[in-house]
Amino acid sequence: NLDSIFDVQVKRLHEYKRQHLNALHILTEYLWLKENPHAPFTPKTYIFGAKAAPGYFLAKQIIKFICTLRDMIEGDEDVRKKLRIVFLENYSVTISELLMPASEISEQISLAGTEASGTGNMKLMLSGAVTLGTLDGANVEIGERVGSDNILIFGMTTPEVNALRAQGYVPADYYHNNPRLHRAIDLLSAGIDGQQFPDIANSLRYNDPYMVLADFDAYCKIQQKASGLYADTLGWQKKSLINIASSGYFCADRSIHDYAHNIWGLCK
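Treat the numbers as computed from the prediction; the structure is a model and nothing was measured.

### Some details on the overall build of the chain
- The helix and strand inventory of the chain stands at 12 helices and 6 strands.
- Computed over C-alpha atoms, the radius of gyration of the chain comes to 19 Å, within 12% of the 18 Å expected from 2.2 N^0.38 for 268 residues, which places it in the range of a compact globule.
- Its C-alpha atoms give the chain principal-axis dimensions of about 65 × 45 × 35 Å.
- Counting all 268 residues of the chain, 49% fall into the buried class.
- A separation threshold of at least 6 residues defines the contact pool for the chain, and within that pool the share at least 24 residues apart is 71%.
- With an accessible surface of roughly 13,000 Å², the chain has 54% of that area assigned to carbon and sulfur atoms.
- One way to put it: in the chain the 26 positive side-chain charges average out to a point 2 Å from where the 30 negative ones average out.

Written out as structure tokens, the structure reads:
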């Protein structure tokens, strides 16, 4: 649907990059649409591209979860008019050359303090996508360049993550206190479209090393805000153009110049 938001998360499949946070939110949107079929809803197409390490069991389970969710939505004629998932096979540079210029939201949702850098988010920014992400990695510098009105930041900061970990993070507290989240995780165990995902559910409920549950509510709110902003077509295009115009800072020439001066000490 070309009138839907193209919301894109393309990167290596890993728990710290939190594709399962994105998928959990899509599941809750699906459930909400089933219960509120006539409510206003900005159509969305969620596009994933990722590869996982061969022996990374939970990453493979997350891929299967996303694809199962896709199949369930595709089989639901009413919901798929408003909500779709596309999982691109064999994500590569060739595919990214087509995808990135089509992207409208760039998902960069790793747990704050875990993403040292990032180049995919810079390429998506250059192509006009608005970054939706945590205050982490290159998102910090993108935010400094485009201004807070032209980036969608959510979730805990690195100091907040460290403080929560130090006091003792208990994911079960979030699971029990958020009915929307509780229902989605229970469905992972009970089964979605005939497929069960107990390993993902148990990891989130009892371990959750990348604090998906702690950031879940903030993520839902920023997604809702993004949908509202997208309804203002001119305003959204302005944000997109500001991102494109601000992306020159991330060019290789500037980066190498900084390395030569500040790190390698080759220039005076």
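Now, onward.
### Concerning the packing of helix α8 (residues 179-190) against helix α9 (residues 198-206)
- Where α8 contacts α9, the axes come no closer than 7 Å and their chain directions differ by 145 degrees. Between α8 and α9 the crossing geometry is left-handed. Taken together, the residues of α9 that come into contact with α8 (itself represented by Ile185, Asp186, Leu188 and Ser189) are Pro198, Ile200, Ala201, Leu204 and Arg205.

### Overview of the pattern of salt bridges
- Following the criterion strictly, the structure yields 10 salt bridges and no others.
- Notably, a salt bridge pairs Arg70 with Asp71, separated by 3.0 Å at the nearest N-O pair.
- On the basis of relative accessible area, Arg70 is assigned to the partly exposed category, the value being 23%.
- Judged by relative accessible area, which is 40%, Asp71 ranks as partly exposed.

### Comments concerning the side chain of Asp7
- The topology assignment puts Asp7 in strand β1 (residues 5-10).
- Within the buried core, Asp7 has no salt-bridge partner, and the shortest N-O distance to an opposite charge, that of Lys44, equals 4.8 Å.
- For Asp7, the side chain forms a polar contact with the side chain of Gln223, separated by 3.3 Å.
- Contact partners of Asp7, with chain neighbours within four places excluded, come to Thr45, Tyr46, Ile47, Ile105, Glu107 and Gln223.

### Regarding the packing of aromatic side chains
- Inspection of the entire model under this criterion finds 9 aromatic pairs.
- On the numbers, 5.4 Å between centres and 75 degrees between planes, the contact of Tyr230 with Trp236 is edge-to-face. When sorted by exposure, Tyr230 lands in the same class as Trp236, which is buried.
- For the ring pair Tyr249 and Phe250, a centre distance of 5.2 Å and an interplane angle of 85 degrees mean the geometry is edge-to-face.
- The exposure class of Tyr249 is partly exposed, given its relative accessible area of 22%.
- Judged by its relative accessible area of 14%, Phe250 falls in the buried class.
- Over the face of the ring belonging to Tyr175 we find Arg205, whose NZ or CZ atom lies 5.3 Å from the ring centre.

### Looking at the nonpolar core
- By size, the foremost hydrophobic cluster in this structure holds 61 residues, and its most contacted members are Leu24, Phe65, Leu132 and Leu188.
- Considering each element in turn, this core owes the most residues, 10 residues, to helix α2 (residues 57-74).
- If we skip the residues at most four places from it in the chain, Phe65 touches Ala23, Leu24, Leu27, Leu188, Ile192, Phe197 and Ile200.
- In this structure, Val8, Met100, Leu124 and Ala129 belong to the second largest nonpolar core, which totals 9 residues.

### Describing the side chain of Lys11
- Mapping Lys11 onto the fold places it in the loop between β1 and α1 (19-35).
- Comment: no salt bridge for buried Lys11; closest opposite-charge side chain is Glu115, at 4.4 Å.
- Here the side chain of Lys11 touches Gln108 through a polar contact of 2.6 Å, side chain to side chain.
- In contact with Lys11, other than residues within four places in its own chain, are Lys17, Gln19, Gly49, Ala50, Lys51, Glu107, Gln108 and Glu115.

### Description of unusual backbone geometry
- You will see that Arg18, though not glycine, has its phi angle at about 65 degrees, which is positive.
- Looking at where Arg18 falls in the secondary structure, it is placed in the loop between β1 and α1.
- Despite not being glycine, Asn90 has its phi angle at roughly 50 degrees, a positive value.
- Within the secondary structure, Asn90 sits in the loop between β3 (83-88) and α3 (93-102).

### Quick notes on a nonpolar patch on the surface
- Together, Ile256, Tyr259, Ile263, Trp264 and Leu266 line one region of the surface with nonpolar side chains, adding up to about 570 Å² of accessible area.
- Within the fold, Tyr259 resides in helix α12 (residues 252-263).
- For Tyr259, a relative accessible area of 38% corresponds to the partly exposed category.

Cut-offs applied
Residues numbered from 1 in each chain as written. Predicted model: local features only at pLDDT ≥ 70, side-chain atom pairs only at ≥ 80, totals over all residues. Heavy atoms only, no water. Helix = DSSP H or I, 4+ residues; strand = E, 2+ residues; numbered from the N terminus. Rg over C-alpha atoms; globule rule 2.2 N^0.38 Å. Buried < 20%, exposed > 50% of the residue type's maximum accessible area, 1.4 Å probe, protein only. Contact = heavy atoms within 4.5 Å. Areas by Shrake-Rupley, 256 points an atom, 1.4 Å probe, with all protein chains shown as cover. Lys, Arg positive; Asp, Glu negative; His and termini not counted. Charge placed at Lys NZ, Arg CZ, Asp CG, Glu CD. Axes fitted to C-alpha atoms, helices over the stretch in contact; angles between N-to-C directions. Left-handed = near helix turned anticlockwise from the far one by under 90°. Salt bridge = Lys/Arg side-chain N within 4 Å of Asp/Glu carboxyl O. Polar contact = N/O pair within 3.5 Å; in protein donor to acceptor, adjacent residues only side chain to side chain. Phe/Tyr/Trp six-rings, centres within 6.5 Å; stacked < 30°, edge-to-face > 60°. Lys NZ or Arg CZ within 6 Å of the ring centre and 35° of its normal. Core = buried A, V, L, I, M, F, W, Y, C linked by side-chain atoms within 4.5 Å. Patch = residues over 30% accessible without salt bridge, like charges linked within 9 Å, V, L, I, M, F, W, Y side chains within 5 Å.

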